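Structural overview
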Amino acid sequence: MTAKTHFLSRTGLAALVALGLSAGGAGAADLVISNWDGYMAPDIAESFKKATGLEIEVVNHATNEEIMGKLMASGGKGYDLVFVSSPFAEVLNHQGLLETVDEAAVPNLANLYPEAASLAYDPGNAFSVPYAWGTTGLCYRSDLVEGSPDSWMALLKSPDDLKGKTTMLATDRWLMAAGLLGLGYSVNESDPAKINEAKDLLIEAKKDLLAYDDTTFYSKLVSGEASLVHAWDGWCNYGIADNKDIKFVVPKEGSDLWVDTMVVMKAAEHKENAMKFLNFMLDAENHAWAASNILYKVPNKAAMESLDPELLASYPNMAMTPAELTGFELLRDLGEAQKGYSRAVSEIKAAN
């Protein structure tokens, strides 16, 4: 996912402070990791040290683009293990910056669903290990919206009662995906004519939006400022936590499958320790933390089966099966077509 900023776990600022304090100091670490804020347990450094005797240093990045800029500029030096979304893992691999995953050193790969080991960007998890996965759809107030919206056109050509009451994600891949899917095209479309057609549709849709919003859209639903928003499934759950009238639906035209991954840099100074960390994170109990606290689905069969059934009942999209998820279209590296997406989004945002 191009620029997704991850939700801070409900343990809040204190957890982030704990994360910073528990991580090993610069220069003293046995392993240097870059991840999004709040995307691991706040005591991860302490628990990893207890299990392995190794000190870790955690560096946070806000977006995929931020860490990619650093990795590309340095040739991957300075980090051992990095969390990035799958299209970016593809790019790093194509650039020869990723180490092959040592299956013998990561026996907990066996905990992954078979579907998570056969994703098209990296069949067999040769250079990446999936950490979380999900999809994108419509998150709405069932008490404020008539019926159950089932099409991307609810956002792209809003009925009168929703005008000024909807938000859309502003990040290139997801904004364009909504327009492309609404027109029946691929989320990885590379045809310039189809990209322009989606751009024109999104410029027209902009007139009826409340806002572009990648971070507070679920709060707008809770307050009633918005009635329907474009949302990642896990983020919709943050709204559901505060208002049970909030629902999530994948439109009938389909959606994307996003995957956040863990990768080991070829230039890593501590490759063996990085493999130990991969194995540690794939332990069922450790991986279940992400599902229970971030409310994202994880591709770990043992972890998901350990979850409290009440959690799945409270947040129905958490119960999506791997078969359902992999039925959506996997986000891939666009190559040169990414420039067309970025240009289209710039024109959309600049349009009146």
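The notes below deal with the structure included here. (Residues numbered from 1 in each chain as written. Predicted model: local features only at pLDDT ≥ 70, side-chain atom pairs only at ≥ 80, totals over all residues. Heavy atoms only, no water.)

1. A closer look at the overall build of the chain
A count of helical and extended segments in the chain gives 15 helices and 10 strands. Against the globule reference of 20 Å for 352 residues, the chain gives a C-alpha radius of gyration of 20 Å, in line with a compact fold. Its C-alpha atoms give the chain principal-axis dimensions of about 60 × 45 × 35 Å. Counted over contacts in the chain with a minimum sequence separation of 6, partners at least 24 positions apart contribute 75%. Put simply, the chain shows about 13600 Å² of open surface, and 51% of that area lies on carbon and sulfur atoms. (Helix = DSSP H or I, 4+ residues; strand = E, 2+ residues; numbered from the N terminus. Rg over C-alpha atoms; globule rule 2.2 N^0.38 Å. Contact = heavy atoms within 4.5 Å. Areas by Shrake-Rupley, 256 points an atom, 1.4 Å probe, with all protein chains shown as cover.)

2. Topic: the side chain of His230
Mapped onto the elements of the fold, His230 is located in strand 7 (residues 228-232). For His230, a relative accessible area of 1% corresponds to the buried category. At 3.1 Å, the side chain of His230 forms a polar contact with the backbone nitrogen of Leu169. Residues within four places of His230 in sequence aside, it is in contact with Thr136, Gly137, Trp152, Leu155, Thr167, Met168, Leu169, Trp174, Leu175, Ala178 and Phe217. (Buried < 20%, exposed > 50% of the residue type's maximum accessible area, 1.4 Å probe, protein only. Polar contact = N/O pair within 3.5 Å; in protein donor to acceptor, adjacent residues only side chain to side chain.)

3. Structural notes on the state of the cysteines
Enumeration according to the criterion identifies 1 disulfide in this entry. The residue that forms a disulfide with Cys139 is Cys236, at a sulfur-sulfur distance of 2.1 Å. Torsion about the S-S bond of the Cys139 and Cys236 cystine: about 80 degrees, corresponding to right-handed handedness. Here Cys236 lies in helix 9 (residues 233-240) and Cys139 lies in strand 4 (residues 129-141), a separation of 97 residues in the sequence. Each member of the pair Cys139 and Cys236 is classed as buried. (Disulfide = S-S within 2.5 Å.)

4. As for the packing of helix 3 (residues 64-74) against helix 4 (residues 86-94)
At a minimum axis distance of 11 Å, the contact between helix 3 and helix 4 shows a crossing angle of 10 degrees. What the angle tells us is that helix 3 and helix 4 run roughly parallel. Here helix 3 contributes Asn64, Glu65, Met68, Leu71 and Met72 to the contact with helix 4, which in turn contributes Phe88, Val91 and Leu92. (Axes fitted to C-alpha atoms, helices over the stretch in contact; angles between N-to-C directions. Parallel < 35°, antiparallel > 145°, perpendicular 65-115°, else oblique.)

5. Looking at the pattern of salt bridges
Scanning the entire structure with this criterion turns up 12 salt bridges. The partner of Glu66 in a salt bridge is Lys70, and the shortest N-O contact between them spans 3.4 Å. Within this pair, Glu66 and its partner Lys70 are both found in helix 3, separated by 4 residues, close to a single helical turn. By relative accessible area, Lys70 is classed as partly exposed at 36%. Where Glu90 meets Arg332, a salt bridge forms, and the shortest distance between an N and an O atom there is 2.9 Å. Highlighted residues: Glu90 in helix 4 and Arg332 in the loop between strand 10 (329-330) and helix 15 (337-350), separated in sequence by 242 residues. (Salt bridge = Lys/Arg side-chain N within 4 Å of Asp/Glu carboxyl O.)

6. Quick notes on the packing of helix 2 (residues 44-52) against helix 10 (residues 271-281)
In helix packing, the relevant descriptors are the interaxial angle and the interaxial distance, both defined with respect to the helix axes. The contact between helix 2 and helix 10 brings their axes to 11 Å, and the two run at 110 degrees. With respect to helix 10, the element helix 2 is oriented roughly perpendicular. Judged by residue contacts, Ile44, Ser47, Phe48 and Ala51 of helix 2 engage Asn273, Lys276, Phe277, Phe280 and Met281 from helix 10. Among the residues making up the contact of helix 2 with helix 10, the classes are represented as 6 nonpolar, 2 polar and 1 charged. (Nonpolar A, V, L, I, M, F, W, Y, C, P; charged D, E, K, R; others polar.)

7. Observations regarding the nonpolar core
With 121 residues, the main nonpolar core has Phe83, Met176 and Phe277 as its most contacted residues. Phe277 has contacts with Leu31, Ile33, Met40, Ile44, Phe48, Ile56, Leu81 and Phe83, leaving out every residue within four places of it along the chain. (Core = buried A, V, L, I, M, F, W, Y, C linked by side-chain atoms within 4.5 Å.)

8. Observations concerning helix 4
Among the residues of helix 4, those classed as buried are Ser86, Pro87, Phe88, Ala89, Glu90 and Leu92. Looking at the buried residues of helix 4, the elements they touch are helix 3, strand 3 (81-85), helix 6 (172-182) and strand 9 (256-264).

9. Some thoughts on the environment of Glu55
With respect to the helices and strands, the residue Glu55 is situated in the loop between helix 2 and strand 2 (56-60). Here the alpha-carbon distance between Glu55 and Val32, two residues 23 residues apart in the chain, equals 8.9 Å. A polar contact is formed between the side chain of Glu55 and the side chain of Lys49, at a distance of 2.6 Å.

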